[in-house]
Amino acid sequence: MTTLPIEPPKKLGLVIDLDICVGCHACAVNCKEWNTGGYGNALSDQDPFGADPAGTWLNRIHSFEAVPFDDAGQPAPQDARIVHFPKSCLHCDDAPCVTVCPTGASYKRSEDGIVLVNEDACIGCGLCAWACAYGAREMDAEAGVMKKCTLCVDRIYNENLPEEDRQPACVRSCPANARHFGDLADPFSDVSKMVALRGGVDLMPEQGNRPVNKYLPPRPKSGTQACGSGQSEHVSLLKMAETPQAEGFVGWLDHALSKLG
Amino acid sequence: MHPAKSVIFFTTISGAGFGLIALLALTAGMGHISWGKSWELAAVGLALAVSGLISSTFHLGNPQRAWRAVTQWQSSWLSREGVLAVFTCGLFGLWVVAGMVGYALPDMLGYVVAGLCVLTVFATAMIYAQLRPVPRWHTWLTPAIYLGFSLSSGMLLMVMLHPHYDGMAGGALGCLAIAWAVKALWWMRAAKADVRSGGSDTATATGLAGYADVRLFEKPHMTKNYLMKEMVFVVGRKHANKLRMIALLLGAAVPASLLGLSLVIDGHVFVMVLAVATHLAGLFVERWLFFAEAEHVVSLYYGR
């Protein structure tokens, strides 16, 4: 049945820290590497060494320019920053990709909330990809079935792997520790605490999908204003860029040399 | 959204087929058609409906498993559409075959089949209307246009195949007017229903709403991917106005004029064949635009 389970006891998902993601794409590469040999069909590439290569990926990293708002709610161009933004399936509580599926291939597990595709039952109609607001699903051009993040279901419960490897491949490979895996239904899990502490957010909440994965917004840069947090120590980066006044011996030297003209 | 030819053909031709079947079933239900004599009318309706359904399987990655699509009718509009289409065609076919061999099933069936046709076309439209990430489709006007064009094309076919009643051409003209009036409403709403109209923008898409002004700096990759091909389809949008005029000309003006002509000249079957053909050609253009102009919120991740 492609109806959704009623509140799974566990909600396994990812918490992604936009403050420290460096945009290296290692998570995407390791995702492709693991999942091309793991669950279901391989993630195929088309014309991989040719002029117009394409392929199936379950995780892609976009980069955005963010101009934070100042106290007055105006964009402060001097505080502009790049936000690297990894995007994969959010394993939504109200996943429309599941309910639109005509064959029952797309389903959400009642035990841990992971959204999966039974590739043997998938007809490749593509409607689930259309129903997803986040672009989390890609049809594999070779196999003709829908591929998506499995939350590495073949790693996280895999007792043949050392315990530290029983995490999604993207989490395990992140060199900046920007990706975290855990149970978001448990308020005392590390990921839930992190979300509470840092004000983790949903992507496109107005779409009504109730995603499980959360994103941690960038921390305010030191000396700059965080949005709406009411911190008073606002130092404009432009001011910081001005020549500072030297003191002591260097100050005397600066003063004396200036006088020499 | 990517306008797949098979899906354009499916939604227009199947719609015309179910429109014709509904009108034939009502006429037969009122006792004006007997299947023993007029089975070929039913055959045309079934051929259109079924060829549309078969065409819809051409865009599948694994069409050999298409039968599985009838299993999830409790939750999926696509599945409901499949179940209703198969059931409607089956019941109608049974009724016609029974009539042909001289076993008359109750006339009541006419109303049942007509109702099932309406539900089938409604379910087809709901496949698109249910999609919240596509603001242009996510409206009750979407099932209204699908039903309107199913009726107009069915009615034109009816005048072509079975022009036995006074005022049928006038009725067809009225159906054309209603269908295109609803489409005009849909277009008026669509003009305001761009990708951001549902409250989503690049800031909500990245979770940075309220924190910063956000714009795309760099895409994840240099080349195209499945998402961009399917949902960030922008080819031909610049010709949208011209195509809209072509759709109106072929889909409304020409068939309306031909309907008028059919009233005053002999040999009007040929005129009506032309009217049906141009109307369907106009609907192909209308349906191509329906897909090509629809914007999906995932395009916000790609700098739209």
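None of the values given here were measured: they were computed from a predicted structure.

A. Quick look at the overall build of chain B. Per the secondary structure count, chain B includes 10 helices and one strand. If you list the helices and strands of chain B from N to C, you get α-α-α-α-α-α-α-β-α-α-α. With respect to the three principal axes, the spread of C-alpha positions in chain B is 75 × 45 × 30 Å. For chain B, the residues scored as buried account for 51% of the 304 residues in total. In chain B, once contacts between residues fewer than 6 apart in sequence are set aside, the share between residues at least 24 apart is 78%.

B. Structural detail: the domain arrangement of chain B. Residues and elements named next belong to chain B. When cut into domains, chain B gives domain 1 (1–130) and domain 2 (169–304). Taking only C-alpha atoms, the centre of domain 1 and the centre of domain 2 are 24 Å apart. On the domain 2 side, the residues contacting the seven residues of domain 1 number 13 residues. Across the side of domain 1 that touches domain 2, the residue classes break down as four nonpolar, three polar and no charged.

C. Region of the structure containing the nonpolar core. Membership of the largest hydrophobic core comes to 167 residues, with the highest contact counts inside it found for Cys 128 of chain A together with Ile 21, Leu 24, Phe 92 and Ala 172 of chain B. Shared between two domains, this core takes at least three residues from each, and those domains are domain 1 (1–130) and domain 2 (169–304) of chain B.

D. Representation of the interface of chain A and chain B. Across the contact, 53 residues belong to chain A and 48 residues belong to chain B. Secondary structure elements with two or more residues in the side of chain A that touches chain B: strand S4 (60–68), strand S5 (81–87), helix H3 (127–131) and strand S8 (138–139) of chain A. The dominant element in the side of chain A that touches chain B, judged by the number of residues it contributes, is S4 of chain A, at nine residues. Of the residues in the side of chain A that touches chain B, the class split is 33 nonpolar, 14 polar and six charged. Two strands pair when backbone bridges link them, and S4 of chain A and strand S1 (residues 212–218) of chain B are joined in this way by six bridges, in the antiparallel orientation. Its bridge partner lying in S1 of chain B, Pro 68 of chain A is registered against Ala 212 of chain B.

E. Fine view of the sheet that holds strand S10 (residues 179–183) of chain A. Residue and element names in this part refer to chain A. Ordered by their spatial adjacency, three strands build an open sheet running S10-S1-S11, and the pairing between neighbours is mixed. The sheet is open, and its two borders are formed by S10 and strand S11 (214–216), each paired with just one other strand. With strand direction ignored, the average angle separating the axes of adjacent strands in the sheet is 25°. Packing of helix H6 (residues 190–198) onto the sheet brings it into contact with strand S1 (12–17), S10 and S11, and relative to S10 it is tilted by some 115°.

F. Examining the packing of helix H1 (residues 5–29) of chain B against helix H5 (residues 141–161) of chain B more closely. Residue and element names in this part refer to chain B. H5 packs onto H1 with a crossing angle of 65° between their chain directions and a minimal axis gap of 7 Å. Seen from above, H1 lies across H5 with right-handed handedness. Along the contact surface, H1 presents Gly 15, Ala 16, Phe 18, Gly 19, Leu 20, Ala 22 and Leu 23, while H5 presents Tyr 146, Phe 149, Ser 150, Leu 151, Ser 153, Gly 154, Met 155, Leu 157 and Met 158. Considered class by class, the residues forming the contact of H1 with H5 number 11 nonpolar, five polar and no charged.

G. Structural detail: the sheet that holds S4 of chain A. The strand order S5(A)-S4(A)-S1(B) describes an open sheet built from three strands, whose pairing is antiparallel. Looking along the sheet, the strands with just one partner apiece sit at the ends: S5 of chain A together with S1 of chain B. On average, each strand axis in the sheet is inclined to that of its neighbour by 35°, with strand direction left out of account.

H. Region of interest: the packing of helix H4 (residues 109–129) of chain B against H5 of chain B. All names here are of chain B. Two elements in contact, H4 and H5, have axes whose closest approach is 8 Å; the angle formed by their N-to-C orientations is 140°. When the axis of H4 is compared with that of H5, the two are oblique. Classified by chirality, the crossing of H5 by H4 is right-handed. Facing H4, whose interface residues are Val 118, Val 121, Phe 122, Thr 124, Ala 125, Met 126, Tyr 128 and Ala 129, H5 presents Thr 142, Pro 143, Tyr 146, Leu 147 and Ser 150. Looking at the contact of H4 with H5, its residues break down into 10 nonpolar, three polar and no charged.

I. Highlighting H5 of chain B. For H5 of chain B, spanning 21 residues, the distance from its first C-alpha to its last is 30 Å, which sits close to the expected 30 Å at 1.5 Å a residue. Across the 21 residues that make up H5 of chain B, a large majority, 19, are buried.

J. Quick peek at the environment of Met 272 of chain B. Residues and elements named next belong to chain B. Tracing the backbone shows Met 272 in helix H10 (residues 268–292). For Met 272 and Val 113, which are 159 residues apart along the polypeptide, the C-alpha to C-alpha distance reads 25 Å. Excluding residues within four positions of it along the chain, Met 272 makes contact with Val 159, Met 160 and Ser 262.

K. A look at the confidence of the model for chain B. Scored by pLDDT, chain B has a mean of 93; 99% of the residues are at 70 or more. Prediction confidence for the complex, expressed as pTM and ipTM, is 0.90 and 0.93 respectively.

The rules behind each value
- Residues numbered from 1 in each chain as written.
- Chains lettered and ligands numbered in written order.
- Predicted model: local features only at pLDDT ≥ 70, side-chain atom pairs only at ≥ 80, totals over all residues.
- Helix = DSSP H or I, 4+ residues; strand = E, 2+ residues; numbered from the N terminus.
- Buried ≥ 20, exposed ≤ 12 C-beta atoms within 10 Å, placed from the backbone.
- Contact = placed C-beta atoms within 7 Å.
- Domains from an automatic or database assignment.
- Nonpolar A, V, L, I, M, F, W, Y, C, P; charged D, E, K, R; others polar.
- Core = buried A, V, L, I, M, F, W, Y, C linked by C-beta atoms within 7 Å.
- Pairing = 2+ DSSP bridges.
- Axes fitted to C-alpha atoms, helices over the stretch in contact; angles between N-to-C directions.
- Left-handed = near helix turned anticlockwise from the far one by under 90°.
- Parallel < 35°, antiparallel > 145°, perpendicular 65-115°, else oblique.
- Expected span 1.5 Å × (residues − 1).
- pLDDT = per-residue confidence, 0-100.

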